[in-house]
Amino acid sequence: MLRAIGADGKLRTALFAVLGVCFMTGLGWASIPLYRMFCQATGLNGTTQRALRAPGAVSQQMRIDFDTNVAPHMPWKFAPENPSETVDIGARDMAFFTATNTSDKTITGTATFNVTPYQVGKYFTKIQCFCFTQQTLKPGETARMPVIFFVDPKILQDPDASDVQTITLSYTFYPVDSAKAKG
């Protein structure tokens, strides 16, 4: 009788171990999308928000600086048309960026983005952005790419953002297929 109980205990332990491994594997697989959703909901680490329209201008303004980068070995030139703008808080605004493929191969890239200071990410909202989709440039091709955005007026009620006078919107382009970009 003791052997039967011992075998049941070992079977139960093995079953819990297998279930634990399955649960942790599933959690690991889901952690990236869950983290991304959390950051988008809270603005954590400078993650911007998305909206369909701006709420409308209020009587205050904010300076927006634009920062651009490309990944190492990606043969693109990427820059804002204007390095900074002063915008009306709450008003819809648009900035343009240009990217040029300086290689002799077609390259597809995708842009990551954030804003600093990080605590204002939840107030910087994009309506439309080239960063939402991949961009493909043929050899020598230049593309003009817009971002439509606004600064949410709720920033004016946040004591953690009360001393913020400038928001920096930063983009980095990465090749979708790094083997093509190195070519």
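Note: the structure precedes this text.
Please read these numbers as outputs of a predicted model, since none were measured by experiment.

1. Things to note about the overall build of the chain
Then, in step 1: Across its full length, the chain carries 2 helices and 10 strands.
Then, in step 2: Taken from N to C terminus, the helices and strands of the chain fall in the order α-β-β-β-β-β-β-β-β-β-β-α.
Then, in step 3: The buried share of the chain, taken over its 183 residues, is 35%.
Then, in step 4: Pairs at least 24 apart in sequence give 78% of the contacts found in the chain among residues at least 6 apart.
Then, in step 5: Carbon and sulfur atoms provide 57% of the accessible area of the chain, an area that totals close to 11100 Å².

2. As for the state of the cysteines
Then, in step 1: What the rule picks out here adds up to 1 disulfide.
Then, in step 2: In this model Cys129 forms its disulfide with Cys131; the gap between the sulfur atoms is 2.4 Å. On the sign convention where negative means left-handed, the S-S torsion of about 130 degrees between Cys129 and Cys131 marks this disulfide as right-handed.
Then, in step 3: Judged by relative accessible area, Cys131 falls into the buried class, the value being 8%.

3. Quick look at the side chain of Ser103
Then, in step 1: Within the secondary structure, Ser103 sits in the loop between strand E5 (93-101) and strand E6 (107-116).
Then, in step 2: Since its relative accessible area comes to 19%, Ser103 is described here as buried.
Then, in step 3: A distance of 2.7 Å separates polar atoms of two side chains, one belonging to Ser103 and the other to Asn101.
Then, in step 4: From its side chain, Ser103 meets the backbone oxygen of Lys105 in a polar contact 3.0 Å long.

4. Considering the packing of aromatic side chains
By convention here, two paired aromatic rings are described through the distance between centres and the angle between planes.
Then, in step 1: Across all of its chains, the model carries 12 aromatic pairs by this definition.
Then, in step 2: Ring plane angle 70 degrees and centroid distance 6.4 Å describe the contact between Phe66 and Phe149, whose orientation is recorded as edge-to-face. Placement of Phe66 in strand E2 (residues 61-70) and of Phe149 in strand E9 (residues 142-151) is noted, with a sequence separation of 83 residues between them. The burial state of Phe66 is the same as that of Phe149; both residues are buried.
Then, in step 3: With 6.0 Å between their ring centres and 15 degrees between their planes, Phe130 and Phe173 make a pair best called stacked. One end of the pair, Phe130, is in the loop between strand E7 (124-129) and strand E8 (135-137); the other, Phe173, is in strand E10 (residues 166-175), and 43 residues separate them in sequence. The same class applies to Phe130 and to Phe173, which are both buried.
Then, in step 4: Among the aromatic residues, those joined into a ring-pair cluster are Phe66, Trp76, Phe78, Phe97, Phe113, Phe124, Phe130, Phe149, Tyr171 and Phe173.
Then, in step 5: Positioned above the aromatic ring of Phe113, the side-chain terminus of Lys126 is 3.3 Å from the ring centre.
Then, in step 6: A cation over a ring is seen here: Arg144 above Phe96, with NZ or CZ 3.7 Å from the ring centre.

Rules and cut-offs
By convention here, each chain's residues receive numbers from 1 onward along its written sequence. Local features in a predicted model are, by the rule used here, given only for residues with pLDDT of at least 70; side-chain atom pairs are given and counted only at 80 or more, and totals for whole chains, interfaces and linings are based on all residues. Side-chain numbers here rest on the full set of heavy atoms in the structure, without hydrogens or water. Only runs of H or I of at least four residues qualify as helices and only runs of E of at least two qualify as strands under DSSP, and these elements are numbered from the N terminus. For the exposure calls, accessible area comes from a 1.4 Å probe over protein chains only, and a residue counts as buried if that area is under 20% of its type's maximum, exposed if over 50%, partly exposed in between. Contacts are assigned to residue pairs that have any heavy atoms within 4.5 Å of one another. For the area figures, the Shrake-Rupley method with a 1.4 Å probe applies, and any residue is considered shielded solely by the protein chains shown. When two cysteine sulfur atoms lie within 2.5 Å, the pair is treated as a disulfide. For the purposes of these results, a polar contact is taken to be a pair of N or O atoms within 3.5 Å, where, inside protein, one atom must be able to donate a hydrogen and its partner to accept one; residues adjacent in sequence count only when each atom of the pair is a side-chain atom. When the centres of two rings from Phe, Tyr and Trp lie within 6.5 Å, Trp using its six-membered ring, the rings pair. Their planes under 30 degrees apart give stacked, over 60 give edge-to-face, and anything left gives tilted. The criterion is that NZ of a Lys, or CZ of an Arg, lies within 6 Å of the ring centre and within 35 degrees of the ring normal, and then a charge sits over that ring.

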